[in-house]
Amino acid sequence: MDILYQIRSRQDSFSAGEGRIARLMLDDVGFAASASLDELAQRAEVSSATLSRFARTVGCRDLRDLRLQLAQASGVGSRFLDPAGAPEQSAFYGQIVGDIETTLRQHLSAFEESRFSDAVRMLGKARMIHAFGLGGWSALCGEELQVRLVRFGYSIAACRDPVMMRITATSLSQEHLVIACSLTGITPELLGAVELARSYGAAILAITRADSPLARLADVVLPLQGAETSFIYKPTAARYGMLLAIDVLATELALAHPEDNQERLRRVKLALDDYRGGDDHLPLGD
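Residues numbered from 1 in each chain as written. Predicted model: local features only at pLDDT ≥ 70, side-chain atom pairs only at ≥ 80, totals over all residues. Heavy atoms only, no water.

The chain goes by MurR/RpiR family transcriptional regulator in an unreviewed UniProt entry, where it is assigned to Pseudomonas hefeiensis.

Right under this line is the structure:
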């Protein structure tokens, strides 16, 4: 249950005492979650009976349940709870660009050439590659891997459906490679599919945080930096770190066999020019 939503949605129906409890909890969730019942009653200037009635009004079984719900609500972190003012437009434009630049530099400095070399060798051995990604950006990056690798002659299929991932994982063997993309490395459905793939002998390449459960399942990890800022309204800049890892990996793969891949890229350009036209420097299907 989202206790903060329950409290906010009922504010117009509270008694005077219940209203003071509601304002106290919404203004300081951390205090409300950790304070004793006597401290809550004293701060809100209500009786214990009013506290108990308030707990039932917002859908909790009792005061203990209310405190548990408040503790869970406070666990999301202060940047999602503290009052936030809207920044100046010019300020957040600059912050977005600055965060992208910072995360790209952080990722590039943390990348190790040996990890990408190991990844290239794994890809070269695989008869078939499967790119797994769930959620927003990770799912898109799985498909981005398919776009990048298929033009270099790799057999690769992207999958963003958790059931299909499990089905695919059961069909794999030592001849197969799974590339698992995850900004967090903790998504249960993805972890379950990767564990299944491992159990049938598939090699695992993970693009994720180095200290995550997904990284521990992988044979090779291309590590991501996951630090977030307190500005919650913009998309995470860590997305660009994952895209950078894919770009570096794709370029390493291309340069492993430059003459063969030049010919493949020529074919792509010829096929695209044949139906869309355009000048020589248009992207190759991007």
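Okay, the pattern of salt bridges next. As enumerated under the stated definition, the model contains 12 salt bridges in all. Residue Arg198 pairs with Asp219 through a salt bridge whose shortest N-O separation is 3.9 Å. Linking Arg198 in helix α11 (residues 188-199) with Asp219 in the loop between α12 (213-217) and β5 (220-224), this pair joins segments that are 21 residues apart in sequence. Residues joined by salt bridges that share partners form a network here, namely Glu263, Arg266 and Arg267. (Salt bridge = Lys/Arg side-chain N within 4 Å of Asp/Glu carboxyl O. Helix = DSSP H or I, 4+ residues; strand = E, 2+ residues; numbered from the N terminus.)

Summed over all chains, the structure comprises 0 disulfides. Cys141 forms no disulfide, and the closest cysteine sulfur to it belongs to Cys181, at a distance of 5.9 Å. (Disulfide = S-S within 2.5 Å.)

One pass over the full model with this rule turns up 2 aromatic pairs. When the centroid spacing of 5.2 Å and the interplanar angle of 50 degrees are considered together, the rings of Phe14 and Phe54 count as tilted. Placement of the pair is Phe14 in the loop between α1 (3-9) and α2 (16-27) and Phe54 in helix α5 (residues 48-57), with a sequence separation of 40 residues. The exposure class assigned to Phe14 is buried, which follows from its relative accessible area of 11%. For Phe54, a relative accessible area of 0% puts it in the buried group. Measuring from ring centre to ring centre gives 5.2 Å for Phe111 and Phe116, while their planes differ by 75 degrees; the resulting arrangement is edge-to-face. Residue Phe111 is classed as buried on the basis of its relative accessible area of 12%. Its guanidinium or amino end placed over the ring of Trp137, Arg239 lies 5.3 Å from that ring's centre, counting from NZ or CZ. (Phe/Tyr/Trp six-rings, centres within 6.5 Å; stacked < 30°, edge-to-face > 60°. Buried < 20%, exposed > 50% of the residue type's maximum accessible area, 1.4 Å probe, protein only. Lys NZ or Arg CZ within 6 Å of the ring centre and 35° of its normal.)

With that settled, the discussion passes to the packing of α2 against helix α4 (residues 37-44). α4 packs onto α2 with a crossing angle of 110 degrees between their chain directions and a minimal axis gap of 9 Å. By the angle between their directions, the pair α2 and α4 is classed as roughly perpendicular. Both α2 and α4 take part in a crossing whose hand is right-handed. Contact residues: α2 offers Arg20, Ile21, Leu24 and Met25, while α4 offers Leu40, Arg43 and Ala44. Residues of the contact of α2 with α4, tallied by class, amount to 5 nonpolar, no polar and 2 charged. (Axes fitted to C-alpha atoms, helices over the stretch in contact; angles between N-to-C directions. Parallel < 35°, antiparallel > 145°, perpendicular 65-115°, else oblique. Left-handed = near helix turned anticlockwise from the far one by under 90°. Contact = heavy atoms within 4.5 Å. Nonpolar A, V, L, I, M, F, W, Y, C, P; charged D, E, K, R; others polar.)

In this model helix α8 (residues 113-125) runs 19 Å from its N-terminal to its C-terminal C-alpha over 13 residues, within 8% of the 18 Å that 1.5 Å per residue would give. What α8 keeps buried is the set Phe116, Ala119, Val120, Met122 and Leu123. Here the buried residues of α8 occupy an arc of 160 degrees about the axis, which is enough to place them on one side. Exposed residues on α8 whose side chains face more than 90 degrees from its buried face are Gly124 and Lys125. (Expected span 1.5 Å × (residues − 1). Arc of directions from axis to C-beta.)

A surface patch of nonpolar side chains, about 280 Å² in accessible area, is lined by Val163, Met164 and Ile167. Tracing the backbone through its elements, the reader meets Val163 in helix α10 (residues 162-170). Since its relative accessible area comes to 52%, Val163 is described here as exposed. (Patch = residues over 30% accessible without salt bridge, like charges linked within 9 Å, V, L, I, M, F, W, Y side chains within 5 Å. Areas by Shrake-Rupley, 256 points an atom, 1.4 Å probe, with all protein chains shown as cover.)

Bringing the environment of Arg121 into the picture now. With respect to the helices and strands, Arg121 occurs in helix α8. Linking Arg121 and Ala256, residues 135 residues apart in sequence, is a C-alpha distance of 9.7 Å.

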